[in-house]
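If you want the building blocks of each chain, they are given just below.
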Amino acid sequence: MRDVITIVIPSNPRYLSVVRAVTERVGQIFEIDEKVVQDMRLAVDEACSNVIKHAYRGDTSQRIILKYSFRKEMLKIIIEDDGPTTEKESLKGRDLDDIRPGGLGIHFIKRVFDVFEIDGKKKGNRLLLVKHLCRADKKDVSTKSI
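Definitions and limits used
- Counting starts from 1 at the beginning of each chain's written sequence and moves along it residue by residue.
- Given that the model is predicted, a residue must reach a pLDDT of at least 70 before its local features are reported, and side-chain atom pairs must reach 80 or more before they are shown or counted; all residues, however, enter totals for whole chains, interfaces and linings.
- Here the side-chain values reflect all heavy atoms present in the structure, with hydrogen atoms and water set aside.
- Strands are runs of DSSP state E lasting at least two residues, helices are runs of H or I lasting at least four, and both sets are numbered from the N terminus onward.
- Remark: exposure states derive from per-residue accessible area (1.4 Å probe, protein chains only) relative to the maximum for the residue type, with buried under 20%, exposed over 50%, and partly exposed in between.
- Any pair of N or O atoms that falls within 3.5 Å is considered a polar contact. Within protein, one atom must be able to donate a hydrogen and the other to accept it, and sequence-neighbouring residues count only if both atoms are side-chain atoms.
- Throughout, a contact is declared for two residues whenever any of their heavy atoms are within 4.5 Å.
- For this analysis, a ring pair means two rings from Phe, Tyr or Trp (six-membered ring only for Trp) whose centres lie within 6.5 Å, classed as stacked if their planes differ by under 30 degrees, edge-to-face if by over 60, and tilted for the remaining angles.
- Here, the arc refers to the directions that run from the helix axis to the C-beta atoms.

## Side note on the side chain of Asn125
Within the fold, Asn125 resides in strand E5 (residues 125-132). Look at Asn125 and you get buried, because its relative accessible area is 3%. One polar contact links Asn125 to Asp81, side chain to side chain, over a distance of 3.0 Å. One polar contact links the side chain of Asn125 to the main-chain carbonyl oxygen of Pro84, over a distance of 3.0 Å. In contact with Asn125, not counting residues within four places along its chain, are Ile79, Glu80, Asp81, Gly83, Pro84, Thr85, Thr86, Ile118, Asp119 and Gly120.

## A closer look at the packing of aromatic side chains
One pass over the structure, following the stated rule, counts 1 aromatic pair. Here Phe30 and Phe70 contribute two aromatic rings whose centre-to-centre distance is 4.1 Å and whose plane-to-plane angle is 10°, an arrangement assigned as stacked. Residue Phe30 is located in the loop between helix H1 (16-29) and helix H2 (34-55), and its partner Phe70 is located in strand E2 (residues 63-71); the two are separated by 40 residues in the primary sequence. Considered together, Phe30 and Phe70 belong to a single accessibility category, that of buried residues.

## A short note on helix H3 (residues 105-112)
What H3 keeps buried is the set Gly105, Ile106, Ile109 and Val112. Down the axis of H3, the smallest arc covering the buried residues is 130°, so these residues share one side.

Purely geometric stuff here, so don't read any function into it on its own.
So, in structure tokens, the structure goes:
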């Protein structure tokens with residue numbers, strides 16, 4: 001059996017704190033190393049920020065659906081929106097040699113997650129993020145204070 005947690009948030013940046021909190025808590029529940037959890041928390045926040053900024057062009061009346069599922073040694077996060085379909089080729093961060101603020105979110109997300117895939121739906125986009133977890137990534141249950 002796999003556990004699935006689904007949340008739906010408005011496409012308003014003020015709700016990104018909910019995304020960060022849920023991502024962090026999911027990581028804690030499944031005993032993922034704290035450093036890995038913090039990286040995932042920021043990466044999922046960045047992905048949702050990109051939905052708000054690029055797919056919805058700042059429209060705060062839309063929704064973002066996040067699905068977290070955990071199976072064996074893998075955490076899968078799906079982020080869905082109803083914005084215009086994004087072409088996979090357009091999802092790339094700017095050149096790392098171009099030193100200036102912003103534009104590195106995609107690079108960071110790809111560094112944190114083992115799988116980064118986007119596919120268009122009839123309306124909208126579906127981003128799949130997968131983090132493979134080995135025993136070394138998991139905390140010692142006896143030292144956990146959740």
